[in-house]
Amino acid sequence: MHGHILEMKGITKEFPGVKALDNVNFRVKKGEIHALVGENGAGKSTLMKVLSGVYPTGTFDGDIIIDGKKRDFQNIKDSEECGISIIYQELALVHQMSVGENIFLNHEPTKLKGVIDDDKLYYKTHKLLHKLKLNINPRMKVNSFGVGVQQLIEIAKALSKKTEILILDEPTAALTESEVEILFRILNNLKDHGVTSIIITHKLNEVFEISDTVTVLRDGKTIGTYDIEELDEDKIISRMVGRELIDLFPRVVHTPGKVIMEVKNFSVYDPDVPDRKLVDNVSLEIKEGEILGISGLMGAGRTELVMGIFGGFKGKVEGQIFIDGKEVKINTPMDAIKNKLALVTEDRKGNGLVLDQSILVNTTLASLDKVTNGITLNENEEIKWTDKFVKDLRTKTPSIEQKVKNLSGGNQQKVVLAKWLITEPKILFLDEPTRGIDVGAKYEIYSIMNELVDQGVAVVMISSELPEIMGMSDRILVMGEGKLRGEVHYTRATQEKIMHFATGGN
Ligand SMILES: Nc1ncnc2c1ncn2[C@@H]1O[C@H](COP(=O)(O)OP(=O)(O)OP(=O)(O)O)[C@@H](O)[C@H]1O
Ligand SMILES: [Mg+2]
């Protein structure tokens, strides 16, 4: 057994037209934190779904051996009984139920005659949350919390069961830095108690921060398993993408043109709390042919600023917007699209993908004739454009007819991006455009940004990743507490300077 709590041997899993896993071998030692990395569509989530019984025995080839015994899971319950808990890439909490009800769903503490023991349920929830240092009311509905807290609730749920192997599929994609810290502290704490964790992430700095061992998948195959000490970022990247990436950021010197948008004294009011400003009197200019970065801490008002400009806060905004010198009224996203604006939102689930429809349908969704002043795309054009973006963004799919729900998480994100690129906007707002996207595809997205800028498009990018903001922007605006706190040209930008503005310095 050599201390391996888990061995997956020769796992092959096929979907129509896709060999998602091709003879994968994966071994995990007891009590370690094992990172599973690879490009979008490499097969990471599929491998973990095989392990957790989402795909039952018989729907794949190969063996799963846990604690030295071969296991045949018919369903998720079987794997749970074996001590496996999985937290999916897309959170799976029931929004209308309380925190406690979610955590103990299907294994509620009961009184005699099987009646749910509410007091016990909330008491146990309280204790669990306390352990996680999560100061929230267990009786509140899950949908009153942000994604970050929901993620931690999922973890509490996993810990409410007997967990030997905890699987986290991109747990940090939507977490703030302090939430990531809490999560990592919990994982290290679990490790001290002998719990094994498998974590999938695209953030390589996290791989180095948290993991003991790393397995790289590429195109459904195992490239190798390494001790973290054997690796550095370049080594992981070249194993993931199968080639050397010389530069993470294709920096091009742009020559910005005239101002195309001017935003004056712009405020956004909190729809739920009267008189509270999410964006506070912001004025800014956007120039043709530039990449404008917007930096700041989570909650600084960056998303609300671009959503507000885009017509997402009807009746809750104040201020003026000028496009090409003329004042425009943008009351709805439709008005924004008519004015040749596009917005790729940060929220993957609420991004308007129709999961049951094809890549083709989804890509062409926002460019319907209604919104492009009667210039209709014909079907051939639609196919041509969709093909182009599938190729440019290296979306992994057997065809453009594939349903979006069958794509891996990162590849779904690429469809969202394509959907907006096809509208040929004059100003493209990107809110965390590379979240959940692998390093190779990030490079493709940056290259597309540069191409658009060459054509005169203005790109406004919100990003929480400082290297990305500094690596790609021409100018960087920094927000804090709803206000514009500072501006730096990229040649003078340092992490320290940006953080200084973000945290309230001048
Ligand atoms: N239910 C399904 N039907 C058809 N194809 C699928 C299905 N689930 C996954 N695939 C395909 O299998 C491959 C592996 O997908 P998987 O979700 O495991 O990738 P991943 O490594 O988790 O990627 P990401 O980093 O984007 O989340 C992809 O090509 C994906 O499109
Ligand atoms: Mg995945």
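Each chain has its residues counted from 1, following the order in which its sequence is written. Following the order in which they are written, the chains are lettered starting with A and the ligands numbered starting with 1. pLDDT decides what is reported in this predicted model: residues at 70 or higher carry local features, side-chain atom pairs at 80 or more are listed and counted, and totals for whole chains, interfaces and linings draw on all residues regardless. The basis for every side-chain value is the complete set of heavy atoms in the structure, and neither hydrogens nor water enter the calculation.

S.K.: What should I look at first to understand the site of ligand 1 in this one?
M.R.: It suffices for a single heavy atom of a residue to lie within 4 Å of a molecule or strand for the residue to be listed as near it. Gly41, Lys44, Thr46, Ser408 and Gly410 are the nearest of the 21 residues found near ligand 1. Taking histidine 202, its side chain carries an N or O atom lying 2.9 Å from an oxygen atom of ligand 1. Computed by Shrake-Rupley with a 1.4 Å probe, the accessible areas treat only the displayed protein chains as cover when residues are assessed. In the complex, 91% of the free accessible area of ligand 1, which totals 640 Å², lies under the protein chains. Secondary structure elements follow DSSP: runs of H or I of four or more residues count as helices, runs of E of two or more count as strands, with numbering from the N terminus. Breaking the shell around ligand 1 down by element, the ones donating at least two residues are strand E2 (18–29), helix H1 (44–51) and helix H13 (409–421). Looking at the shell around ligand 1, the element that brings in the most residues is H1, giving 3 residues. The residue inventory of the shell around ligand 1, partitioned by class, reads 5 nonpolar, 12 polar and 4 charged. All the domain ranges listed were derived from an automatic or database domain assignment. Taken domain by domain, the shell around ligand 1 gets at least three of its residues from each of domain 1 (4–241) and domain 3 (351–422). For the purposes of these results, a polar contact is taken to be a pair of N or O atoms within 3.5 Å, where, inside protein, one atom must be able to donate a hydrogen and its partner to accept one; residues adjacent in sequence count only when each atom of the pair is a side-chain atom. Classification used: nonpolar for Ala, Val, Leu, Ile, Met, Phe, Trp, Tyr, Cys and Pro, charged for Asp, Glu, Lys and Arg, polar for all others including Gly.

S.K.: Would you mind going over the sheet that holds strand E1 (residues 4–15) with me for this structure?
M.R.: To summarise the sheet geometry, strands pair through backbone hydrogen bonds and adopt either a parallel or an antiparallel arrangement. Spatially, E2-E1-E4-E5 is the arrangement adopted by the 4 strands of the open sheet, whose pairing is antiparallel. Each of the sheet's edge strands pairs with one partner strand only, and the pair in question is E2 and strand E5 (69–71). Within this sheet the neighbouring strands show an average axis-to-axis angle of 25°, counted without direction. Relative to E5, strand E4 (residues 61–66) runs antiparallel, the two sharing 3 bridges. In the sheet register, isoleucine 65 faces E5, and the bridge partner there is lysine 70. The contact criterion used throughout is that any non-hydrogen atoms of two residues lie within 4.5 Å. Axis definition: a line fitted to C-alpha atoms, limited for helices to the stretch in contact. Angles are taken between N-to-C directions and run from 0 to 180 degrees. Seen against the sheet, H1 touches E1, E2 and E4 and runs at an angle of roughly 115° to E1. Should DSSP find at least two bridges between two strands, the strands are regarded as paired.

S.K.: Would you mind going over the domain arrangement of the chain with me for this structure?
M.R.: One widely used convention gives an interface's size as the accessible area the parts lose upon coming together. The domain boundaries assigned to the chain delineate domain 1 (4–241), domain 2 (256–340 + 425–506) and domain 3 (351–422). Relative placement of domain 2 and domain 3: their C-alpha centres are 24 Å apart. Taken together, the contact between domain 2 and domain 3 spans 18 residues of the former and 10 residues of the latter. Taking both sides of the interface into account, the surface hidden between domain 2 and domain 3 amounts to around 1,300 Å²; carbon and sulfur atoms contribute 72%. Counted as salt bridges are all cases of a side-chain nitrogen of Lys or Arg within 4 Å of a carboxyl oxygen of Asp or Glu. Linking domain 2 to domain 3 there are 1 salt bridge. Viewed at the interface, domain 3 and domain 2 are joined by 0 residue pairs in polar contact (both at pLDDT 80 or more). Going through the elements one at a time, helix H10 (333–338), strand E17 (427–431) and helix H14 (439–454) are the ones with two or more residues in the side of domain 2 that touches domain 3. Considering every element that reaches the side of domain 2 that touches domain 3, the biggest residue donor is H14, with 6 residues. We define buried area as the total accessible area lost by two parts upon association, computed with a 1.4 Å probe and summed across both.

S.K.: Explain the pairing of strand E7 (residues 165–169) here, please?
M.R.: Two faces belong to every sheet, and in a regular strand the side chains alternate between them. Note on classification: 1.4 Å probe, protein chains only; a residue is buried when its accessible area is under 20% of the maximum for its type, exposed when over 50%, partly exposed between these limits. E7 sits mainly inside the fold: 5 of its 5 residues count as buried. Burial along E7 is two-sided: Ile165, Ile167 and Asp169 and Leu166 and Leu168, pointing in opposite directions, are all buried. Of the pairings in the sheet, the one linking E7 to strand E8 (residues 196–200) comprises 5 bridges and is parallel in character. What sits directly across from leucine 166, in E8, is serine 197. With the strands pointing away from the viewer, any crossover whose connection runs clockwise from the first strand over the helix to the second is right-handed. On the question of chirality, the crossover connecting E7 to the parallel E8 by way of helix H6 (residues 177–192) is right-handed.

S.K.: Which parts of the structure should I look at to understand the sheet that holds strand E11 (residues 259–269)?
M.R.: Read from one edge to the other, the open sheet built from 4 strands follows the order E12-E11-E14-E15, with strand pairing classed as antiparallel. The open sheet is flanked by strand E12 (277–287) and strand E15 (326–328), the only strands paired with a single partner. When strand polarity is set aside, the average angle formed by the axes of neighbouring strands in this sheet is 15°. By the bridge criterion, 7 bridges tie E11 to E12 in an arrangement that is antiparallel. Paired with phenylalanine 266 across the strands is valine 282, a residue of E12.

S.K.: Could you clarify how one ought to interpret the nonpolar core in this entry?
M.R.: Nonpolar side chains in soluble globular proteins tend to end up buried together. Nonpolar core, defined: a set of buried Ala, Val, Leu, Ile, Met, Phe, Trp, Tyr and Cys residues in which side-chain atoms within 4.5 Å join the residues together. Grouped together as the largest cluster of nonpolar side chains are 69 residues, with contacts concentrated most on Met261, Leu341 and Phe429. With 7 residues, H14 is the largest single contributor of residues to this core. Taken domain by domain, this core gets at least three of its residues from each of domain 2 (256–340 + 425–506) and domain 3 (351–422). In contact with leucine 341, other than residues within four places in its own chain, are Met261, Ile309, Phe310, Ile323, Ile330, Ala336, Pro425, Ile427 and Phe429. Residues Leu121, Ile136, Leu168 and Leu183 belong to the second largest nonpolar core, which totals 50 residues.

S.K.: Honestly, the confidence of the model for the chain in this entry has me stumped. Any pointers?
M.R.: Residues at a pLDDT of 70 or more form 96% of the chain, whose mean pLDDT is 89. Scored below 50 in pLDDT, residues 369–373 shows 7 contacts in the model against residues more than four places distant or in partner chains. Every residue is assigned a pLDDT by the predictor, reflecting its confidence on a scale from 0 to 100.

S.K.: What should I look at first to understand the environment of aspartate 438 in this one?
M.R.: Within the secondary structure, aspartate 438 is located in the loop between E17 and H14. Once you skip the residues sitting within four places of it in the chain, aspartate 438 turns out to touch Gly38, Glu39, Asn40, His202 and Met240. At a separation of 2.9 Å, a polar atom in the side chain of aspartate 438 contacts the main-chain amide nitrogen of glycine 440.

S.K.: It is not clear to me how the environment of glutamate 154 should be interpreted in this structure. Could you clarify?
M.R.: Counting through the fold element by element, glutamate 154 comes out in helix H5 (residues 147–159). Take glutamate 154: its relative accessible area is 7%, and that puts it in the buried class. Taking the C-alpha atoms as reference points, glutamate 154 and glutamate 481, separated by 327 residues in sequence, lie 29 Å from one another.

S.K.: Help me understand the environment of isoleucine 498, please; the structure alone is not making it clear to me.
M.R.: Mapped onto the fold, isoleucine 498 is located in helix H16 (residues 495–502). Accessibility expressed as a relative area gives 0% for isoleucine 498, which makes it buried. Residues isoleucine 498 and threonine 363, 135 residues apart in the sequence, show an inter-C-alpha distance of 35 Å. Among all residues touching isoleucine 498, those that are not within four sequence positions of it are Ser295, Leu466, Ile469, Met470, Ile476, Val478, Val488 and Ala493.

S.K.: In this structure, what is going on with the pairing of E1? I would like to understand it.
M.R.: Of all 12 residues that make up E1, 9 are buried, and the element is covered over most of its length. For E1 and E2, the ladder comprises 8 bridges, and the chain directions are antiparallel. The partner of isoleucine 11 across the bridge, within E2, is valine 24. Hairpin geometry of E1 and E2 is characterised by an intervening segment of 2 residues between the two adjacent antiparallel strands and by a positive phi of about 80° at glycine 17. Direction of pairing for E1 relative to E4: antiparallel, over a ladder of 5 bridges. The residue bridging methionine 8 from the neighbouring strand is isoleucine 64, located in E4.

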